[in-house]
Amino acid sequence: MNVEQPDAAVARIAAAIGEPARARMLYCLLDGHARTSTELSVVGDVSPSTASVHLGRLKDEQLVMMVSQGKHRYYRLNGEQVADALEALSVIANPRPHAFVPPAPNRLRVARTCYDHMAGTIAVALHDRFTALRWLAASPAAVDAYELTAAGVKAFTVLGIDLDTARSRRRRFAFACLDWSERRPHLGGAMGAAFLSIALKRKWVVQDLDSRALAVTAVGHREFKSRFGV
């Protein structure tokens, strides 16, 4: 019985990520948007034919998935776990042995997407506030997992988040996702995605079409301050 050992599997996936053009494609997709192979060839600075080969490798390793819509084929990250791994690699890639200075450009550092949830200074501050308000409590499911307290259920329901739908997702419900620019956790999982969806719907933040950056609007600044003290 030929069963691949974990170390061999990790080495194989790391090799797929480790090629510079493929890494650029993956990090481009970290904003949650799907893109064509032609668009990703520009990101990777390779020819369209070479981009197709690279995307085939990433697809074989289940790092990206392809979605067909009419005559077009789009690529996106293959789920939240891939996004989490890329975010964690960013942390490792930017070690700070002394005083920590965030490496991200300011507009990305303030607020950005981490796949389908919010990251950056604002997101870390919100995570801290949710914890201080005792809306989140440690879950026995995993060391970094959260459950909602009674106060959290009430507060997030008032915000308009459908908790039953969030719980029904085939993914982690809520967890502490380590922020690569702040080196502290923001809220990830289905709850993080649901909160970002509400923030976008209410125009608290506006997402760039061609980057991960989120712009906090005047309404957003006011709401974050009045609702959460952030």
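Everything numeric in this text was worked out from a predicted model, so none of it was measured.

A. Representation of the layout of surface pockets within the structure. As a volume, the largest pocket reaches approximately 430 Å³. Residue lining of the largest pocket: 18 residues in total, with Asp116, Arg169, Arg171, Ala190 and Ala193 positioned closest to the centre. Elements that contribute at least two residues to the lining of the largest pocket include exactly α5 (80-93), α9 (163-168) and α10 (189-201). For the lining of the largest pocket, the leading source of residues is α10, giving 5 residues.

B. Molecular detail of the side chain of Asp84. Following the sequence through the fold, Asp84 ends up in helix α5. No salt bridge is formed by the buried Asp84, whose closest oppositely charged neighbour, Arg172, lies at an N-O distance of 4.9 Å. Ignoring any residue separated from it by four or fewer positions in sequence, one finds Asp84 in contact with His117, Phe175 and Cys177.

C. Focus on the packing of helix α3 (residues 37-44) against helix α4 (residues 48-60). Between α3 and α4, the least distance of the axes is 8 Å, while the angle of their chain directions is 100°. Considered as vectors, α3 and α4 are oriented roughly perpendicular to each other. In this structure, α3 contributes Ser37, Leu40 and Ser41 to the contact, and α4 contributes Pro48, Ala51, Ser52 and Leu55. Residue classes in the contact of α3 with α4 are distributed as 4 nonpolar, 3 polar and no charged.

D. Region of the structure containing the pattern of salt bridges. For the coordinates displayed, the defined rule picks out 11 salt bridges. Measuring nitrogen to oxygen at the nearest pair gives 3.4 Å for the salt bridge that ties Glu87 to Arg212. Separated by 125 residues along the polypeptide, Glu87 in helix α5 and Arg212 in the loop between β9 (205-207) and β10 (214-216) bring together distant segments of the chain. Classification of Glu87 as buried rests on a relative accessible area of 0%. Classification of Arg212 by relative accessible area gives buried; the value is 12%. Of the charged contacts in the structure, one is a salt bridge between Arg171 and Asp116, with a shortest N-O distance of 2.8 Å. Taken together, the residues span a long stretch of sequence, with Arg171 in the loop between α9 and β7 (175-178) and Asp116 in the loop between β3 (112-114) and β4 (117-119) at a distance of 55 residues. For Arg171, a relative accessible area of 28% puts it in the partly exposed group.

Calculation rules
Residues numbered from 1 in each chain as written. Predicted model: local features only at pLDDT ≥ 70, side-chain atom pairs only at ≥ 80, totals over all residues. Heavy atoms only, no water. 1 Å grid on protein atoms, 1.4 Å probe; cavity = no way out; pocket = protein on both sides within 12 Å on 5 of 7 lines; lining within 4 Å. Points joined across faces, edges and corners; volume = space filled by probe spheres on them. Helix = DSSP H or I, 4+ residues; strand = E, 2+ residues; numbered from the N terminus. Buried < 20%, exposed > 50% of the residue type's maximum accessible area, 1.4 Å probe, protein only. Lys, Arg positive; Asp, Glu negative; His and termini not counted. Salt bridge = Lys/Arg side-chain N within 4 Å of Asp/Glu carboxyl O. Contact = heavy atoms within 4.5 Å. Axes fitted to C-alpha atoms, helices over the stretch in contact; angles between N-to-C directions. Parallel < 35°, antiparallel > 145°, perpendicular 65-115°, else oblique. Nonpolar A, V, L, I, M, F, W, Y, C, P; charged D, E, K, R; others polar.

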